[in-house]
Amino acid sequence: MHLPDLSIAKERGKKENKYITLNENYQKVFTGQKYFLRTYGCQMNVHDSEAIRSYLEVLGYSPAEDINDANIVVLNTCAIRENAKDKVVGFLGKCKYLKKMKDNFKIVLAGCMCEQPDFIKEVQTKYNYVDIVIGTHNIHDLPKLLLQDLDTQKIEVYSNSDEVIEGIKYKRDSEITAWVNIQLGCDKFCTYCIVPYTRGRERSRKKESIIEEVKHLVNHGYKEVALLGQNVNAYGKDINEKFSDLLEGVAKTGIERVRFVTSHPWNFTDEMIDVISKYPNIMPYIHLPIQSGSDKILKKMNRRYTKEEYLELFSKMKERIPNVAITTDIIVGFPGETEEDFEETLDIVNKCQFDGAYTFVFSPRIGTPASLMKDDTPINIKEERLHRLNELVNKYSKLNNQKLLNKVVEVLVLGVSEKDNNKVYGYTDTMKLVNIKGSKEIIGSIIKVKITDAKSFSLDGEYIK
Ligand code: SF4
């Protein structure tokens, strides 16, 4: 198997971005037809699906609640999660059946799996009933492809594109909070991660376009934007800009809340910390993946920082950003992880007392360097480590949440609680979920809430009018 090494990142960094501004008008040729869109994976895919939805609706399709009512199905796939492929392939079986039963039924595959050559070969042979395959770089080609004659399978996947597409229209999931792409791709090449191969090299959108997009959202009543990138701190390195300047520019647009995901500890600068602490509308919330507390494992992961360096950055954030909440990601059972290495991870959790953590058992992604490493930790040991880790993480989440008991916090209300119709839910500026007794009228507002109960994963509160 050919695996790109780090020299590829250097080579990729020398290339110039090609900025393309879309200005397309499509006719509603599919009016009366329905689409069913299923999204797998991360926020990046969720946001890409907002573009897919917009393209489908521009062409006249309307959403179908039930796949059986659809004329077209789009699967926006993920290559990161374990068994992601099984899920997609399982769903394709259902689509194949519908295609047999219905005239002109179309199947579209999009997302990260489509950037994997082995999967494309399978689509051409085993799943040749799929009509269109598009990659992560060319979602904007979907309307053109749909307007073509689909007698033959259309596969349009541009690997590692240098393009940065501006002017993509989104049909957003929310009218209150919006994702805004600022940066695409990743050149970090963490050894367990498929993203640098599926999403291409790091490319930044132009600062002015991002700020214009945020201003447009403010004018349309949005309260919060989340700046989105595989590694937002890498923003601007390719175009002589800085993430701290972009963040400042966005904070000045008048948006009530701004946050960002995800940050790599390796290039989180002091200037970024200064800007976050200076602007009250930049949410004091940072997701800062540590992945492991062992220097040996961090090196094998190619994370480019040590445990000490992470702790130093963490302390700086805590000192300089008032009331900051910091969450993290941790992988247990990475190849070569010993009990001592794992205890280093528990040690850093004890030292940092994170507000929350996404924890995973290592599972190899085909095509990554880590998939070729000897993985000799039995699964029962990995699971036992995960269990111990989760207990510790949950203990600190709860302790951090309990610090808010009887305090009054500001909550952006996003919707009706799924568990209780008489409650609404929202988030504090530190991204803590709060369930509040209240009616639908307060959805979309930032309200004051007194915290009455604190659990590991959520808070309960009373609306203070
Ligand atoms: S920084 Fe994030 S996206 Fe990039 S390779 Fe590492 S884990 Fe993957």
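Quantities reported herein were computed from a predicted structural model and do not represent experimental measurements.

1. What about the sheet that holds strand β17 (residues 408-416)?
1) Next: Pairing within the closed barrel is mixed, and its five strands lie in the order β17-β18-β19-β21-β20. Ignoring strand direction, the axes of neighbouring strands in this sheet form an average angle of 50°.

2. Digging into empty space enclosed by the protein
1) Next: One pass over the structure, following the stated rule, counts one cavity of 30 Å³ or more.
2) Next: When its volume is computed, the largest cavity comes out at roughly 50 Å³.
3) Next: Taken together, G41, C42, N45, C78, A79, I80, C112, V195, R199 and Q230 make up the full set of residues lining the largest cavity.
4) Next: Taken together, the residues of the lining of the largest cavity sort by class into six nonpolar, three polar and one charged.
5) Next: When residues of the lining of the largest cavity are assigned to domains, at least three fall in each of domain 1 (11-163) and domain 2 (174-283).

3. Considerations on helix α12 (residues 339-352)
1) Next: Helix length check: α12, at 14 residues, gives a terminal C-alpha distance of 20 Å against a target of 20 Å (1.5 Å per residue), a fit within 8%.
2) Next: Turning to α12, its buried residues number three or more, namely D341, F342, T345, L346, I348, V349 and C352. Viewed along the axis of α12, the buried residues span an arc of 160°, placing them on a single side of the element.
3) Next: Taken from the residues just after α12, Q353 is the one with a positive phi, measuring 45°.

4. Observations regarding the site of the ligand
1) Next: Neighbouring the ligand are C186, K188, F189, C190, Y192, C193, V195, P196, H264 and R303.
2) Next: For the shell around the ligand, a count of residues per class yields seven nonpolar, one polar and two charged.

5. Some words on helix α2 (residues 43-58)
1) Next: With 16 residues, α2 ought to run about 22 Å at 1.5 Å a step, and its terminal C-alpha atoms sit 23 Å apart, in line with that.
2) Next: Where burial is concerned, most of α2 is hidden: 13 out of the 16 residues are buried.

6. Thoughts on the packing of helix α8 (residues 243-251) against helix α9 (residues 270-278)
1) Next: Closest axis-to-axis distance for the α8/α9 pair is 8 Å, and the angle between their directions is 15°. One element, α8, and the other, α9, form an angle in the roughly parallel class. For the crossing formed where α8 meets α9, the hand is left-handed. From α8, F243, S244, L247 and E248 reach across to α9, where they touch E271, M272, V275, I276 and K278.

7. Some points on the sheet that holds strand β16 (residues 356-361)
Sheet strands pair by backbone hydrogen bonding; their relative direction is either parallel or antiparallel.
1) Next: Sheet architecture is open: three strands sit in the order β14-β15-β16, paired in parallel fashion. Looking along the sheet, the strands with just one partner apiece sit at the ends: β14 (285-287) and β16. Averaged over all adjacent pairs, the angle separating strand axes in this sheet is 10°, with direction ignored.
2) Next: Here six bridges tie strand β15 (residues 325-332) to β16, and the two strands are oriented parallel to one another. The residue of β16 that forms the bridge with I330 is T359.

8. Section: the pattern of salt bridges
1) Next: Within this structure, the stated rule accounts for 32 salt bridges.
2) Next: Between R199 and D48 there is a salt bridge, and its shortest N-O distance comes to 2.9 Å. Of the two residues, R199 is situated in the loop between α6 (195-198) and β11 (203-204) and D48 in helix α2; the sequence distance between them amounts to 151 residues. Of the two residues, R199 and D48, both sit in the buried class.
3) Next: E213 serves as the salt-bridge partner of R205, at 2.7 Å between the closest nitrogen and oxygen.
4) Next: Several salt bridges share partner residues, and in doing so they unite E337, E339, E384, R385 and R388 into one network.

9. Details of the packing of aromatic side chains
Each aromatic ring pair is specified by the distance between its two centres and by the angle formed by the two planes.
1) Next: This model, assessed by the stated rule, comprises 12 aromatic pairs.
2) Next: Taken together, the aromatic side chains of Y305, Y310, F314 and F354 make up a single cluster linked through ring pairs.
3) Next: Here K206 stacks its cationic end above the ring of Y19, 4.4 Å away from the centre of that ring.
4) Next: Just above the ring of W266 sits the side chain of R304; from NZ or CZ to the centre is 4.9 Å.

10. Describing the state of the cysteines
1) Next: The tally for this structure, following the rule as stated, stands at zero disulfides.
2) Next: Between C78, a free cysteine, and C112, which holds the nearest cysteine sulfur, the sulfur-to-sulfur gap is 6.3 Å.
3) Next: Sulfur of C352: no disulfide; nearest cysteine sulfur belongs to C190 and is 18 Å away.
4) Next: Its relative accessible area of 4% is what places C352 among the buried residues.

11. Overview of the side chain of T136
1) Next: On the secondary structure map, T136 appears in the loop between β6 (132-134) and α5 (142-146).
2) Next: Looking at T136, the relative accessible area reads 12%, which means it is buried.
3) Next: Of the polar contacts made by the side chain of T136, one reaches the backbone oxygen of T198; its length is 3.0 Å.

12. A look at the domain arrangement of the protein chain
1) Next: In terms of domain boundaries, the protein chain breaks down into domain 1 (11-163), domain 2 (174-283) and domain 3 (408-463).
2) Next: The gap between the C-alpha centroids of domain 1 and domain 2 is 26 Å.
3) Next: Counting residues at the interface gives 24 residues for domain 1, matched by 26 residues for domain 2.
4) Next: Carbon and sulfur atoms supply 51% of the area that domain 1 and domain 2 bury against each other, a total of about 2000 Å² over both sides.
5) Next: A salt bridge links D162 to R201; the shortest N-O distance between them is 3.0 Å.

Criteria and cut-off values
Residues numbered from 1 in each chain as written. Predicted model: local features only at pLDDT ≥ 70, side-chain atom pairs only at ≥ 80, totals over all residues. Heavy atoms only, no water. Pairing = 2+ DSSP bridges. Helix = DSSP H or I, 4+ residues; strand = E, 2+ residues; numbered from the N terminus. Axes fitted to C-alpha atoms, helices over the stretch in contact; angles between N-to-C directions. 1 Å grid on protein atoms, 1.4 Å probe; cavity = no way out; pocket = protein on both sides within 12 Å on 5 of 7 lines; lining within 4 Å. Points joined across faces, edges and corners; volume = space filled by probe spheres on them. Nonpolar A, V, L, I, M, F, W, Y, C, P; charged D, E, K, R; others polar. Domains from an automatic or database assignment. Expected span 1.5 Å × (residues − 1). Buried < 20%, exposed > 50% of the residue type's maximum accessible area, 1.4 Å probe, protein only. Arc of directions from axis to C-beta. Near = heavy atom within 4 Å. Parallel < 35°, antiparallel > 145°, perpendicular 65-115°, else oblique. Left-handed = near helix turned anticlockwise from the far one by under 90°. Contact = heavy atoms within 4.5 Å. Salt bridge = Lys/Arg side-chain N within 4 Å of Asp/Glu carboxyl O. Phe/Tyr/Trp six-rings, centres within 6.5 Å; stacked < 30°, edge-to-face > 60°. Lys NZ or Arg CZ within 6 Å of the ring centre and 35° of its normal. Disulfide = S-S within 2.5 Å. Polar contact = N/O pair within 3.5 Å; in protein donor to acceptor, adjacent residues only side chain to side chain. Buried area = accessible area lost by both parts, 1.4 Å probe.

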